[in-house]
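Read off the chains here:
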Amino acid sequence: MLDSFENWPPTKRDDGKDWSAAQITILKLLWPMEWIKGTTIFEAVQQTYYDRRIRELRESGWQIETHSSKTKYRLISHEKLAGNKRTYPSQQQKQAVLERDNHTCQICRTSDGNLQFDHKIPRERGGQTEVENLQLLCSPCNVEKRGACRHCMLESCEGCPYAYPELFEPRFTIFLDKNTAELLTSDSRGKGIPVPAQISEVLSNHYKTIRAKTKK
């Protein structure tokens, strides 16, 4: 099958090393330059965070396009461009973020010692490695945010509770009946926004209506 692939095998990484097994598997799936579902990639590499491998390939120069649904991927060229090496926060930046965020997860407000430096606006959306675009998140909240970003279809991160949790009160834990939860999830997916953002929107609109009626 590989003999029918144009320009296969792919060029090596910029450092001359071979691609990882997961990366080469993803490239093999994308090589025909057709849309491939994320579920198909997951089944092939058996890695929950296969999107990280796709991100690494992009940063290495591979031109991989994401479908507007955020669930499909496509290689648009067999030519690998010059890589864009990922930058990480410096020690000075980390110290500034730790002091500003008071060593506390900015979403759940916990301080469990297992905090991570997160890009508020993801690098895939043009977010820079700057203090203003960094925040502290605990591991569970970081995983939750990453999942929400993966399926988000909004053009901007403005007003997103994951990107700007400081604009919101500490979150509440609520329990919904199964039917309501399913409707809420379906509605949020239809709009391409995270479930928490949908809940916030519904409640905000509800109380705006109540206030408007009270003023009359």
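Residue positions are given per chain, counted from 1 along the sequence in the order it is written. This being a predicted model, a pLDDT of at least 70 is required before a residue's local features are given, and a value of 80 or more before pairs of side-chain atoms are given or counted; all residues contribute to the totals for chains, interfaces and linings. Water and hydrogen atoms play no part in the side-chain values, which are based on all heavy atoms of the structure.

Caption draft 1: Just the overall build of the protein, in detail. By definition, any uninterrupted DSSP run of H or I lasting at least four residues is a helix, any uninterrupted run of E lasting at least two residues is a strand, and each is numbered from the N terminus. Check the secondary structure of the protein and you find seven helices and five strands. Along the chain direction, N to C, the helices and strands of the protein fall in the order α-β-α-α-β-β-α-β-β-α-α-α. For the protein, the C-alpha atoms occupy an extent of roughly 75 × 45 × 30 Å along the three principal directions. Think of it in three bands: with a 1.4 Å probe and only protein chains considered, a residue is buried below 20% of the maximum accessible area for its type, exposed above 50%, and partly exposed in between. Burial status across the protein gives 34% buried among its 216 residues. When checking whether two residues touch, look at their non-hydrogen atoms; a contact exists if any pair is within 4.5 Å. Of all intrachain contacts in the protein linking residues separated by at least 6 positions in sequence, the fraction that spans at least 24 positions is 56%. Each accessible area value is a Shrake-Rupley result obtained with a 1.4 Å probe; residue values ignore everything except the protein chains displayed when judging cover. On the protein, roughly 13,700 Å² of surface is accessible, and the fraction owed to carbon and sulfur atoms is 52%. In the protein, the 33 positive side-chain charges and the 28 negative ones have mean positions that sit 3 Å from each other. Under the convention used here, Asp and Glu are negative, Lys and Arg are positive, and both His and the chain ends fall outside the count. Working definition for charges: the position is that of NZ of Lys, CZ of Arg, CG of Asp or CD of Glu.

Caption draft 2: Summary view of the packing of aromatic side chains. Within 6.5 Å between ring centres, the rings of Phe, Tyr and Trp (the latter by its six-membered ring) count as paired, and their orientation is classed by plane angle as stacked under 30 degrees, edge-to-face over 60, tilted in between. All told, the structure shown has four aromatic pairs when counted by the stated rule. Judged by centre distance (5.1 Å) and plane angle (85°), the rings of W8 and W31 are edge-to-face. Linking W8 in the segment before α1 (21-30) with W31 in the loop between α1 and β1 (36-37), this pair joins segments that are 23 residues apart in sequence. Taking the relative accessible area as the measure of exposure, W8 reaches 18% and is therefore buried. Residue W31 is classed as buried on the basis of its relative accessible area of 2%. Consider the rings of Y50 and Y73, whose centres lie 6.3 Å apart with planes at 90°: the pair is edge-to-face. Linking Y50 in helix α3 (residues 50-59) with Y73 in strand β3 (residues 72-75), this pair joins segments that are 23 residues apart in sequence. Pair check on accessibility: Y50 and Y73 agree, each one buried. The structure contains a cluster of three or more aromatic residues connected by ring pairs, namely W8, W19, W31 and W62. R146 extends its terminal NZ or CZ atom over the ring of Y49, reaching a point 5.1 Å from the ring centre. Working rule: Lys NZ or Arg CZ, within 6 Å of ring centre, within 35 degrees of ring normal, means a charge sits over the ring.

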